[in-house]
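Examination of the molecular architecture
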Amino acid sequence: MGLFSRKPKAPKANSSALSPSSASINSSHSRIIGHRASAGSITPRTPMSPMSPVKLPKVDLPRPPDPQLDPVGYLRSLGAVRERSKIVMDKALKNKLNHFDVDLDRLPDVVSFVSGLIKRDYDAPFDSIPGHGRYQHFCVGGRDRVAELLSSWPESIDNSEKCRRLIDLFLISVLLDAGAGTKWSYKSVENGRIYRRSEGLAIASLEMFKAGLFSGNPANKTQVDKAGLQSLTVDKLEAGLQSRPGNELAGLEGRTDLLIRLAGALDDKKDFFGSDGRPGNMIDHLLSHPSTLASSMLVVPLPVLWNVLLSGLASIWPASRTSLNGVPLGDAWHCRAMSDSGTSGWETIVPFHKLTQWLTYSLMQPMQSLLNMHFAGTELLTGLPEYRNGGLFVDMGVLTLKAEDLDRGLQNYNDYCRRTDTKGVEVAPMFEPGDDVVVEWRGATVGLLDKLCVEVNKFLKADLAGNELTLPQLLEAGSWKGGREIAEIHRPNTKEPPILIESDGTVF
């Protein structure tokens, strides 16, 4: 298929399916008892469907902690991701990065390329573009597997429990989605088709979920709980993911350890995940939180969900990650580009929390669709600093790895091939996740995605008819997809990004 060959466009959303009736909304909110809402009466929408624009009531969002007083709290806050990445981006705008040459004259090419993909795959004014989320990966091949899953459950299962089950599934699927490597593929046990990369991990996680691999409840296989996760082993996950010689999944042990640690986190945070340790129980915490608004509509401040995911899952990340004052920070890394921003230890660190943001984007979908739950403060979320979004800017010449780092990366790749007995088909520089090259690349990617969103909206202004694409829509329809498609053009055999990450199963 040619670069801008016409693909089947997303079906136009049915307005009646997008907007639940006022009777449904009133029925839902008449059942708020003790500041706890139940949305069991709302007719579910397809989570794939984009939400109709809704004007939310004014919600005062908490400010991030003062980094001088609470640097750990600040670096774990969502607001710190964009603020800290801005320091890297400011240097990129001046072409003063340590590891990349920056050519912003190439950015219009990226804008034109991404805009072309959007126009190829969606009809103007592009309001059918869903926000970026894990849901879409379950729909590979045009089959809505989540809708099939929802319809498979008996009518006695209310929307709240359906939402819990989807949160269980989406969370486990996102945590498994940390790069699959070039060797791995998954053959669906349901239809015998072969899937790779993110879609392959999505289908694999769905089929393992339906088989009850993550459930410790014999009465309900389709849930994730601490008991089910505690019983996981590398062998069980290896079998479920069909990882074997010649079809190895990168970072399998790291993924297994992550899920086993998840069991402990679910058990430790009973106020978030309940006594049975289910991720989906977070909806009860959100609905009963004092800051949740439940009058004319159900509105949760995004920092409340962020705290559940960041604090509730903090213990799952490897101990080798960056820590400050003895507290692990998760996906946050020291970066030389931050060195002149101050002398305190925290000031050399840039946080990304990519998987936590990916979770946030993904988990909002079922909560919006099944519970009619809205989130205030979604503008705080950033673009995801991972290899598809970042690779887009490298492959299109906005970022070019400097010669010394390129040589070092190529040597790393040669060493990796010898160590793992891998045949280098399409050679590319390789680095570990904490390498300063990777951290700087990710920091620049966050800023460049913000800039790309502004410029694409300008480019498509006539088609948008007064609307604007949101950053989650740009990620879904443009930058992530664009990064994948340009990689396929440059490296048709492996389809890998221009810079490789030696995956530990917990990053990217």
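Scoring rules and cut-offs
Residues numbered from 1 in each chain as written. Predicted model: local features only at pLDDT ≥ 70, side-chain atom pairs only at ≥ 80, totals over all residues. Heavy atoms only, no water. Helix = DSSP H or I, 4+ residues; strand = E, 2+ residues; numbered from the N terminus. Buried < 20%, exposed > 50% of the residue type's maximum accessible area, 1.4 Å probe, protein only. Contact = heavy atoms within 4.5 Å. Areas by Shrake-Rupley, 256 points an atom, 1.4 Å probe, with all protein chains shown as cover. pLDDT = per-residue confidence, 0-100. Pairing = 2+ DSSP bridges. Polar contact = N/O pair within 3.5 Å; in protein donor to acceptor, adjacent residues only side chain to side chain. Arc of directions from axis to C-beta. 1 Å grid on protein atoms, 1.4 Å probe; cavity = no way out; pocket = protein on both sides within 12 Å on 5 of 7 lines; lining within 4 Å. Points joined across faces, edges and corners; volume = space filled by probe spheres on them. Nonpolar A, V, L, I, M, F, W, Y, C, P; charged D, E, K, R; others polar.

This part takes up the overall build of the protein chain. When helices and strands are counted, the protein chain shows 20 helices and 13 strands. Taking all 508 residues of the protein chain together, the buried fraction comes to 56%. The long-range share in the protein chain, meaning contacts at least 24 apart out of those at least 6 apart in sequence, stands at 74%. Taken as a whole, the protein chain presents about 20500 Å² of accessible surface, with 51% of it coming from carbon and sulfur.

Moving on: the environment of P290. Along the polypeptide, P290 turns up in the loop between helix 13 (282-288) and strand 4 (293-294). For P290, a relative accessible area of 70% puts it in the exposed group. Each C-alpha atom of the pair P290 and V300 lies 9.7 Å from the other, and the pair is ten residues apart in sequence.

On average, residues of the protein chain score 86 in pLDDT, and 87% of them are at 70 or above. Overall, residues 1-6 carries pLDDT values under 50, and its contacts beyond four positions in sequence, including any with other chains, amount to 15 contacts.

Burial of the side chains of strand 5 (residues 298-301) extends over both faces: L298 and V300 are buried on one face and V299 and P301 on the other. Between the end of strand 4 and the start of strand 5, which pair antiparallel, lie three residues. The sheet contact formed by strand 5 and strand 10 (residues 373-376) spans four bridges and is parallel. Along strand 10, the bridge assignment pairs V300 with F375.

Turning to helix 16 (residues 387-395), a few remarks are in order. Most of helix 16 is tucked away, with nine of its nine residues classed as buried. Residues Y387, R388, N389, G390, G391, L392, F393, V394 and D395 constitute the buried set of helix 16. For helix 16, the side-chain oxygen to backbone nitrogen distance between the N-cap and R388 is 3.2 Å, and the N-cap itself is E386. In the segment just after helix 16, G397 is the residue with positive phi, at about 85°.

Among the residues making up helix 6 (residues 145-152), those that are buried are R145, V146, L149 and L150. What you see down the axis of helix 6 is that its buried residues fit within an arc of 145°, all on one side. Those residues of helix 6 hidden inside the fold are in contact with helix 7 (159-176), strand 3 (194-195), helix 8 (197-210) and helix 15 (354-371).

Moving on to empty space enclosed by the protein. Counting across every chain of the model gives three cavities of 30 Å³ or more. By volume, the largest cavity amounts to about 110 Å³. Surrounding the largest cavity, 13 residues form its lining, D177, S198, K354, E386 and W480 being those nearest its centre. The residue makeup of the lining of the largest cavity, split by class, is five nonpolar, four polar and four charged.

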